[in-house]
Structure formats: structure tokens, C-alpha cells
Amino acid sequence: MRIDSRSCLTGVRQCLSPNHDARPDPADISLLVIHGISLPPGRFGGPAVEQLFRNQLDAAAHPFFAEIHQLRVSAHLFIRRGGQMIQFVPFDLRAWHAGVSSFQGRPSCNDFSIGIELEGTDAGGYTQAQYRQLLRLTRLLRRRYPQISAERIVGHCDIAPGRKTDPGPYFAWRKFRRALTPAPLDRA
């Protein structure tokens, strides 16, 4: 897996969302935002997340869909429970994932962030396959976009407090951050 010249991951399914535009400063990619999503709420699998991100969600297919089918949202990447990844927006473009948001006093996080959706809910944990893929992806993104430091990897809840709660209390932040940190060199 690598990031190609189009700012897309190789070896993953590409499913372009219309819900993106140009970044104000393409060189300013300095935040990684982790989200959680399931559609319908609490259900995994199926095409609903992909349909939402492509403006194709059928309002009549589920009562909750009638409330959200008109939303124009996306993320750069979606990681399913089994670890399969779908890319919706190239990393150098602005995906519409954060909404009204702020990080360290700077508003409009979509302008300078990459949004990764994990298939899940606030009421339960994520799978090992998802953590493995998220770790691989995060390492790759940090090499490509070195402004994304460990301190600049946050949850949606951190940039939109009071409005958003994902990825939820069961996301293993400490384990994830520890796995990102390289082991110290053996100096014996």
C-alpha cells in the first residue's frame, strides 16, 4: 500500500464522492481526524455508508435515512469491520467530514485535515483488523504529511465537542498511540 501521484491509496477500492472540493492550501495537511459510523445506526455491513457519501442514500430504505439522506458529507477513507478500505476522496482534496469544527483555536478543520471513518458505534469497540489498517494507514500518512504529529491525531469528538462523540469511549486511544510510537533503539 502506498499513496500514488493522484493522492490515492494503491490496492484499495476507489469510490469517488462528489462531496469534496479544493483545499485552501494544499500544502497544509496537518491533522488526522478519526470518526466512527454505522448505517443504519448500530448495523454493520451493507452499502449505506457508501451511498451516503455518494449522495445515493434511499430515504425510504430506513426511517433514519429519511433524516440524513440530504446531507452532503464524505470522508477520505472508510475502514470496514473486516479491515477492507474504500477511498472516497484523494488526500490532497478537502473531504466534507468534520462539519463545524475547531482544533487549537483554528476553525474549519476540513481545510487542513484528513478524515478516516471506522465502521462502528460509540456503544462498542472496533476490530483488530480495523486497528491494523488504521495503524498502517496512519504511518503512511505521517510519512507523506509530516505535519501530522502524534498530537495532531484526534477524534471527531475532539474537534466538535458537544456536537459529536465519535469514535466513542471504546476507541483504544492509548493502545493506538503506543503502537504508533516506534520502539526505542536497543543501545546495549
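Above this note sits the structure.
Quick caveat: nothing in here was measured; it's all calculated off a predicted structure.

**Let's talk about the overall build of the protein**
Alright, step 1. A tally of regular secondary structure across the protein gives 5 helices and 10 strands.
Alright, step 2. C-alpha extents for the protein along the principal axes are approximately 65 × 35 × 35 Å.
Alright, step 3. Every one of the 188 residues in the protein was classed for burial, and the buried ones make up 48%.
Alright, step 4. Considering only residue pairs separated by 6 or more positions, the protein has 70% of its internal contacts joining residues 24 or more positions apart.

**Some remarks on the packing of aromatic side chains**
Alright, step 1. Scanning all chains against the criterion turns up 6 aromatic pairs.
Alright, step 2. On the basis of an interplanar angle of 65° and a centroid distance of 5.7 Å, the ring pair of Phe171 and Phe176 is categorised as edge-to-face.
Alright, step 3. Classification of Phe176 as buried rests on a relative accessible area of 1%.
Alright, step 4. Ring centres of Trp173 and Phe176 lie 6.3 Å apart, and the angle between their planes is 80°; this geometry places the pair in the edge-to-face category.

**Some thoughts on the nonpolar core**
Alright, step 1. Core analysis: the biggest nonpolar cluster contains 26 residues, and Leu9 and Ile114 have the highest contact counts within it.
Alright, step 2. Only strand E3 (31–37), strand E4 (77–79), strand E9 (113–119), helix H3 (128–144) and helix H5 (173–180) provide two or more residues apiece to this core.
Alright, step 3. If one sorts the elements of this core by residue count, H3 sits on top with 6 residues.
Alright, step 4. Other than its neighbours up to four places away in sequence, Leu9 contacts Met1, Arg2, Ile3, Gln14, Leu77, Met85, Gln87, Phe91, Leu137 and Leu140.
Alright, step 5. Ranked by size, the runner-up nonpolar core spans 16 residues in total, among them Phe53, Leu57, Ala75 and Val89.

**A word on the sheet that holds strand E5 (residues 85–87)**
Alright, step 1. Strands sit in the order E1-E5-E4-E9-E3-E10 across an open sheet of 6 strands; the sheet is mixed. On the outer flanks of this sheet lie strand E1 (13–14) and strand E10 (153–155), each paired with one strand and no other.
Alright, step 2. Relative to E9, E4 is paired through 3 bridges, and the arrangement is parallel. Residue pairing for E9: Ile79 is matched across the bridge by Leu118.
Alright, step 3. Sheet strands in contact with H3 are E3, E4, E5, E9 and E10, and its direction is about 170° off that of E9.

**Focus on the side chain of Gln87**
Alright, step 1. Among the secondary structure elements, Gln87 is positioned in strand E5.
Alright, step 2. In this structure Gln87 touches Ser7, Cys8, Leu9, Val12, Arg13, Gln14, Cys15, Leu16, His76 and Leu77, once residues within four positions along its chain are discounted.

**Re the pattern of salt bridges**
Alright, step 1. Counted according to the given criterion, the structure contains 6 salt bridges.
Alright, step 2. Two residues, Arg6 and Asp4, come together in a salt bridge whose shortest N-O distance is 2.9 Å.
Alright, step 3. Here Asp21 makes a salt bridge to Arg94, at a shortest N to O gap of 2.6 Å. Taken together, the residues Asp21 in strand E2 (residues 20–22) and Arg94 in strand E6 (residues 93–95) connect sequence positions 73 residues apart.
Alright, step 4. On the accessibility criterion, Asp21 (27% relative accessible area) is partly exposed.
Alright, step 5. On the basis of relative accessible area, Arg94 is assigned to the buried category, the value being 18%.
Alright, step 6. Sharing partners across several salt bridges, the network here consists of Asp21, Arg94 and Asp111.

Thresholds, definitions, all that
- Residues numbered from 1 in each chain as written.
- Predicted model: local features only at pLDDT ≥ 70, side-chain atom pairs only at ≥ 80, totals over all residues.
- Heavy atoms only, no water.
- Helix = DSSP H or I, 4+ residues; strand = E, 2+ residues; numbered from the N terminus.
- Buried < 20%, exposed > 50% of the residue type's maximum accessible area, 1.4 Å probe, protein only.
- Contact = heavy atoms within 4.5 Å.
- Phe/Tyr/Trp six-rings, centres within 6.5 Å; stacked < 30°, edge-to-face > 60°.
- Core = buried A, V, L, I, M, F, W, Y, C linked by side-chain atoms within 4.5 Å.
- Pairing = 2+ DSSP bridges.
- Axes fitted to C-alpha atoms, helices over the stretch in contact; angles between N-to-C directions.
- Salt bridge = Lys/Arg side-chain N within 4 Å of Asp/Glu carboxyl O.

Read these as geometric descriptors, not functional statements.
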